[in-house]
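Structure at a glance
Residues per chain, in single letters:
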Amino acid sequence: MKVTLLSIIVADQDRALAMYRDTLGFVLKDDLATGPPGAPRWITLESPEVPGGTRISLEPNAFPFVAEYQKALKNNGVPLTAFAVVDIDAEHARLTEAGVAFKSPPSAGGDGAPRMAVFDDQCGNWIMLYEEKADG
């Protein structure tokens, strides 16, 4: 068994697509209509660092229980998911320059915990970045 699709709950698919593609740098794989104009779309993206790897699906929070779950996570400071980066300081600087709001600078890490930072994806979620050194 392997993970091939990760759902990110979003309040607005167009805004989320702009954030995840244009700001974060994920590559658009699918943007398909699933109904009449204005209906939610099937939008998936993947990391340019892992072509053919796990995709992100931008899932609308259209059901009330999904919107409440998303709101509860955000209000309690809980990240919806996490992404690994090789250099958290460089990524923090790049995203800050692009206007992304972080809760705080990257943590120091230690005692087995990686360095990490949490940002607001502007789509209703906290997202964690954590540093994962490249192999070699």
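In what follows, the structure referred to is the one given above.
Here is what the cut-offs are and how they apply
- Residues numbered from 1 in each chain as written.
- Predicted model: local features only at pLDDT ≥ 70, side-chain atom pairs only at ≥ 80, totals over all residues.
- Heavy atoms only, no water.
- Buried < 20%, exposed > 50% of the residue type's maximum accessible area, 1.4 Å probe, protein only.
- Helix = DSSP H or I, 4+ residues; strand = E, 2+ residues; numbered from the N terminus.
- Polar contact = N/O pair within 3.5 Å; in protein donor to acceptor, adjacent residues only side chain to side chain.
- Pairing = 2+ DSSP bridges.
- Core = buried A, V, L, I, M, F, W, Y, C linked by side-chain atoms within 4.5 Å.
- Contact = heavy atoms within 4.5 Å.
- Phe/Tyr/Trp six-rings, centres within 6.5 Å; stacked < 30°, edge-to-face > 60°.
- Axes fitted to C-alpha atoms, helices over the stretch in contact; angles between N-to-C directions.
- Patch = residues over 30% accessible without salt bridge, like charges linked within 9 Å, V, L, I, M, F, W, Y side chains within 5 Å.
- Areas by Shrake-Rupley, 256 points an atom, 1.4 Å probe, with all protein chains shown as cover.
- Salt bridge = Lys/Arg side-chain N within 4 Å of Asp/Glu carboxyl O.
- Expected span 1.5 Å × (residues − 1).
- Arc of directions from axis to C-beta.

Describing helix 1 (residues 13-23)
Within helix 1, the full set of buried residues consists of Gln13, Ala16, Leu17, Met19, Tyr20 and Thr23. One side-chain oxygen at the N-terminal end of helix 1 lies 2.9 Å from the backbone nitrogen of aspartate 14; it belongs to aspartate 12.

Regarding the pairing of strand 6 (residues 116-120)
In summary, the side chains of a regular strand alternate between the two faces of the sheet. Burial of strand 6 is extensive: four of the five residues sit out of reach of the surface. The pairing of strand 6 with strand 7 (residues 126-131) spans five bridges and is classified as antiparallel. Across the sheet, residue valine 118 finds its bridge partner in strand 7, namely methionine 128. The antiparallel pairing of strand 6 with strand 7 creates a hairpin that spans five residues between the two strands, and glutamine 122 there sits at a positive phi of about 60°.

A look at the nonpolar core
Core analysis: the biggest nonpolar cluster contains 23 residues, and Tyr20, Leu58, Phe83 and Leu129 have the highest contact counts within it. Mapped by element, the contributors of at least two residues to this core are strand 1 (5-10), helix 1, strand 3 (41-46), strand 4 (55-60), strand 5 (81-85), helix 3 (88-97), strand 6 and strand 7. Top element by residues in this core is helix 1. It accounts for four residues. In this structure, tyrosine 20 is in contact with Ile8, Gly25, Phe26, Leu45, Ile56, Leu58, Phe83, Asp121, Cys123 and Ile127, ignoring residues within four places of it in sequence.

A short note on the packing of aromatic side chains
In total, this model carries four aromatic pairs according to the counting rule given. For the pair phenylalanine 26 and phenylalanine 83, a centre-to-centre distance of 5.2 Å together with 55° between the ring planes defines the contact as tilted. Taken together, the residues span a long stretch of sequence, with phenylalanine 26 in the loop between helix 1 and strand 2 (27-33) and phenylalanine 83 in strand 5 at a distance of 57 residues. Consider the rings of phenylalanine 63 and phenylalanine 65, whose centres lie 5.7 Å apart with planes at 20°: the pair is stacked.

Details of the sheet that holds strand 5
Sheets are built from strands that pair by backbone hydrogen bonding, the pairs being arranged parallel or antiparallel. Spatially, the three strands line up as an open sheet ordered 5-7-6, and their pairing is mixed. Both outer strands of the open sheet, strand 5 and strand 6, are each paired with one neighbouring strand and no more. Adjacent strand axes in the sheet meet at a mean angle of 30°, parallel and antiparallel pairs treated alike. In the packing of helix 3 onto the sheet, contacts are made with strand 5, strand 6 and strand 7, and the angle to strand 7 comes to roughly 145°.

Looking at a nonpolar patch on the surface
Judged by side-chain polarity, Leu5, Leu32 and Trp42 come together as a nonpolar surface patch covering roughly 260 Å² of accessible area. Locating leucine 32 in the fold gives a position in strand 2. With relative accessibility at 45%, the residue leucine 32 sits in the partly exposed group.

Considerations on helix 2 (residues 64-75)
The terminal C-alpha atoms of helix 2, which comprises twelve residues, lie 16 Å apart, in line with the 16 Å expected from a rise of 1.5 Å per residue. Buried within helix 2 we find Val66, Gln70 and Leu73. Across the axial projection of helix 2, the buried residues extend over an arc of 65°, all falling on one side. Facing away from the buried side of helix 2 by over 90 degrees, the exposed positions are Pro64, Phe65, Glu68 and Asn75. The inward-facing, buried residues of helix 2 contact strand 1 and strand 7. A positive backbone phi angle near 75° is found at glycine 77, which sits one or two residues after helix 2.

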